[in-house]
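Geometric and topological summary
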Amino acid sequence: YSFSGQLGSSEFPDEGGRYAVYVGNPCPWCHRVRLAIALRKLKSQVKVISLVDDPIKASRGGWIFDSKRGDRDPLGCQDLRELYE
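Report follows, based on the coordinates. (Residues numbered from 1 in each chain as written. Predicted model: local features only at pLDDT ≥ 70, side-chain atom pairs only at ≥ 80, totals over all residues. Heavy atoms only, no water.)

Some details on the overall build of the protein chain
For the record, the criterion: Helix numbering and strand numbering both begin at the N terminus, where a helix is a DSSP run of H or I of at least 4 residues and a strand a DSSP run of E of at least 2. Summary of the burial criterion: residues with accessible area below 20% of their type's maximum are buried, those above 50% are exposed, and those between are partly exposed, where the area comes from a 1.4 Å probe applied to protein chains only. Only heavy atoms matter for contacts: two residues are in contact if any of them lie within 4.5 Å across the pair. Under the convention used here, a 1.4 Å probe and the Shrake-Rupley method define accessible areas, while residue burial counts only the protein chains that appear.
The number of helices and strands found in the protein chain is two helices and three strands. When the helices and strands of the protein chain are read in sequence order from the N terminus, they spell out β-α-β-β-α. The C-alpha extent of the protein chain, read off along each of the three principal axes, is 40 × 25 × 25 Å. Here the protein chain, with 85 residues, has 27% of them falling under the buried criterion. Counting only contacts in the protein chain whose residues sit at least 6 apart along the sequence, the fraction spanning at least 24 positions is 36%. Per element, the accessible surface of the protein chain, about 6500 Å² overall, is 52% carbon and sulfur.

Structure representation (structure tokens):
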């Protein structure tokens, strides 16, 4: 998926809580996303939700929402697989 729009435009209005990105610390692609958000100064526009790799707690293995950091899925999912389904 390639995003070529601009946050804050009429197509993608700057509304608090509208945009969120899910990232996991062990993933190098997620590091790039975090860097891009920081360099573009989008922290106030995009909520970064962290997940941790925990195959025991996650349904069928995978990433879960990091409750230690207080990151919860806005849709109420317990792990990334549940979010996709």
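Having seen the model, we can carry on.
Overview of the sheet that holds strand 1 (residues 19–24)
Here is the rule: Paired strands, as defined in this entry, are two strands with at least two bridges between them according to DSSP. Here an axis means a line fitted to C-alpha atoms, over the contact stretch when the element is a helix, while the angle between two N-to-C directions is reported on a 0 to 180 degree scale.
Strand order across the open sheet formed by three strands is 1-2-3, with mixed pairing between neighbours. Of all the strands in the sheet, the pair left with one neighbour each is strand 1 and strand 3 (63–65). Recorded for the sheet is a direction-independent mean angle of 40° between the axes of neighbouring strands. Along the sheet, helix 1 (residues 28–39) makes contact with strand 1, strand 2 (46–53) and strand 3, crossing strand 1 at roughly 140°.

Read these as spatial facts, not as claims about activity.
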